[in-house]
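Spelled out, the chains give:
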Amino acid sequence: MTEQSMTPDPCLDDESFVFVHELNTTELQDYQKQAADKRGLEVYFSDRMLDGSPGPELAVIPAGMFEMGSTSLEYGHCSEEAPQHYVCLKDDFALCRYTITANEFDVFRRETGWYKRRDLVWNEGQFPMMNIAIHDAHHYAQWLSEKTGQTYRLPTEAEWEYACRAGTLTPFAYGEDVSCRAVHFISAFPYQEMKDQRRWFLPRCFPMPKALMVGSLPANTWGLHEMHGNVQEFTSTAWVPHHLHANRDGSPAEAGDPDRIVVKGGSWFDAGVHARSAARMPRMRMEIDVNLGFRLLRELD
């Protein structure tokens, strides 16, 4: 790391942590399978609901150590992403392979009587659920936990970024650059063209002013789709405008803004720089939007 906090990194002294950035793609997938095997799970699996129907599809994410945030050498870097620092996640977990869909949320709505406002735009089918506040995501997680007997919750910012990177240190899980064929951002503001300061360029994709169906774009090494772009995603972490006092175990800092939360991933409405793994933005806790959704973490320990 070229820029980091002066806070000690106790996890660096613990040799039991796997530094995932040292693994190649095959080793990362083998490591993921080992985490699934020791629990008798498939790498990709779904919990059964009380009525026997499957819950959201999950991917096992193995524990490990990684570098969170970015440095000034990365195009798109801003002060909110600094300092880059080590985080050690000691427990394996599972994460939804896709953002929660309108179909999945509709089961919750019918069973609980959740009110669907008629004055808002809604997705349907296998498109991301949108126009909900973070407390609605918490209610859905609680309901899903009750229906499956497992513990579901929103991921912390560190858990989200770790899963998104899937062992990479590049701006995107796919490498140094992405096109709108791999990440759904606003095609008028692509990453590489902006980085190269091109005055004129032809967008590589036709503008699509809405979210795509989940699973439309390539997965990362750990099988997660649309972690970059499509819709911004809630985390459980309260907003702090830097990583200066970040906890090395990945838990949220205690001094976060109680009225704002961190969202990750960028969206169809955002420029390519906002889809980077390190990129982070604040949102009000009561805020709803057509480019804001969520995926859930399922605890394994």
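Above this text you will find the structure in question.
Since the structure is predicted, the reported quantities are computational estimates derived from the model, not experimental observations.

Draft legend 1. Just the packing of aromatic side chains, in detail. Going through the model one piece at a time under the given rule, you end up with 12 aromatic pairs. Seen in terms of ring centroids, Phe108 and Tyr140 are 5.7 Å apart; in terms of plane orientation they differ by 80°. Their pairing is edge-to-face. Of this pair, Phe108 sits in helix 2 (residues 102–112) while Tyr140 sits in helix 3 (residues 134–148), and the two are 32 residues apart along the sequence. With respect to class, Phe108 is no different from Tyr140; both count as buried. Taking the ring centre of Tyr44 as reference, the NZ or CZ of Arg97 above it sits at 3.8 Å.

Draft legend 2. Looking closely at the side chain of Asn220. Relative to the assigned elements, Asn220 resides in the loop between helix 5 (191–195) and strand 7 (232–239). A polar side-chain atom of Asn220 sits 3.0 Å from the main-chain amide nitrogen of Trp222. Leaving out residues up to four positions away in the same chain, Asn220 has contacts with Ala163, Cys164, Ala166, Ala173, Tyr174 and Met227.

Draft legend 3. How the structure looks around empty space enclosed by the protein. With the rule as written, the count across this model stands at 2 cavities of 30 Å³ or more. In this structure, the second largest cavity spans a volume of roughly 30 Å³. Lining the second largest cavity are Pro56, Glu57, Cys96, Tyr98, Thr99, Thr101, Glu104 and Val214. Residues that form the lining of the second largest cavity fall into these classes: 4 nonpolar, 2 polar and 2 charged.

Draft legend 4. Fine view of unusual backbone geometry. Cis geometry is adopted by the peptide bond preceding Pro83, which originates at Ala82 and carries an omega value of -5°. In this structure, Glu226 takes a positive phi of about 55° despite not being glycine. For Glu226, a relative accessible area of 4% translates into the label buried. Positive phi, close to 75°, is recorded for Asn230, a residue that is not glycine. The exposure class of Asn230 is buried, given its relative accessible area of 1%.

Analysis parameters
Residues numbered from 1 in each chain as written. Predicted model: local features only at pLDDT ≥ 70, side-chain atom pairs only at ≥ 80, totals over all residues. Heavy atoms only, no water. Phe/Tyr/Trp six-rings, centres within 6.5 Å; stacked < 30°, edge-to-face > 60°. Helix = DSSP H or I, 4+ residues; strand = E, 2+ residues; numbered from the N terminus. Buried < 20%, exposed > 50% of the residue type's maximum accessible area, 1.4 Å probe, protein only. Lys NZ or Arg CZ within 6 Å of the ring centre and 35° of its normal. Polar contact = N/O pair within 3.5 Å; in protein donor to acceptor, adjacent residues only side chain to side chain. Contact = heavy atoms within 4.5 Å. 1 Å grid on protein atoms, 1.4 Å probe; cavity = no way out; pocket = protein on both sides within 12 Å on 5 of 7 lines; lining within 4 Å. Points joined across faces, edges and corners; volume = space filled by probe spheres on them. Nonpolar A, V, L, I, M, F, W, Y, C, P; charged D, E, K, R; others polar.

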